[in-house]
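# Summary of the model geometry
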Amino acid sequence: MQERRNALLVEDNTELADLVASYLEELGYYVKYCSNAKDALVALSLEDVNLLVSDIILGTAMDGFELAKAARTELPELPVLLITGYPSEATRSQETFAVLLKPFAFDDMQKAIAGL
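Below: a short report on this structure.

The rules behind these values
- Residues numbered from 1 in each chain as written.
- Predicted model: local features only at pLDDT ≥ 70, side-chain atom pairs only at ≥ 80, totals over all residues.
- Heavy atoms only, no water.
- Core = buried A, V, L, I, M, F, W, Y, C linked by side-chain atoms within 4.5 Å.
- Buried < 20%, exposed > 50% of the residue type's maximum accessible area, 1.4 Å probe, protein only.
- Helix = DSSP H or I, 4+ residues; strand = E, 2+ residues; numbered from the N terminus.
- Contact = heavy atoms within 4.5 Å.
- Salt bridge = Lys/Arg side-chain N within 4 Å of Asp/Glu carboxyl O.

## Quick look at the nonpolar core
Ranked by internal contacts, the top residues of the largest apolar core, which has 21 residues, are Leu-8, Leu-52 and Leu-82. Looking at this core, the elements that each hand over two or more residues are strand E1 (5-10), helix H2 (37-46), helix H3 (64-74) and strand E4 (80-84). Setting aside residues no more than four positions away along its own chain, Leu-8 makes contact with Lys-32, Cys-34, Ala-40, Ala-43, Leu-44, Val-49, Leu-51, Leu-52 and Val-53. Membership of the second largest hydrophobic core comes to 20 residues, among which are Leu-9, Leu-16, Ile-83 and Phe-104.

So, in structure tokens, the structure goes:
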């Protein structure tokens, strides 16, 4: 029997969140969704999470890059994939985390997660 894999998805655009969640589910993940970093930090402390996927620009006090750094402080081995439509944000974050540029297809996400 395959172990249950849980992904935490953090995205403030609900349409994109639905699409990314469907990709993650197709890859075999159960998806917990949060629309902001504050709720995501709570979820990370309460849930068994095997993968964090977060947009970088969240429109809140904490962006996805800061969320990923905070998550890694508590869970150093947690695989993290950041997504963004802004190449400048990707450049800033790629030094520390895997980044996938929007728009992306299922295959792009599959390859990015496999590389984690």
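Structure shown, so let's carry the discussion forward.
## Description of the pattern of salt bridges
Opposite charge on two side chains permits pairing when their charged atoms draw close. A full pass over the atoms with the stated rule returns two salt bridges. Note that Lys-102 is salt-bridged to Glu-11, the shortest N-O span being 3.7 Å. Residue Lys-102 is found in the loop between strand E5 (98-101) and helix H5 (106-114), and its partner Glu-11 is found in the loop between E1 and helix H1 (14-26); the two are separated by 91 residues along the sequence. The exposure class assigned to Lys-102 is partly exposed, which follows from its relative accessible area of 24%.

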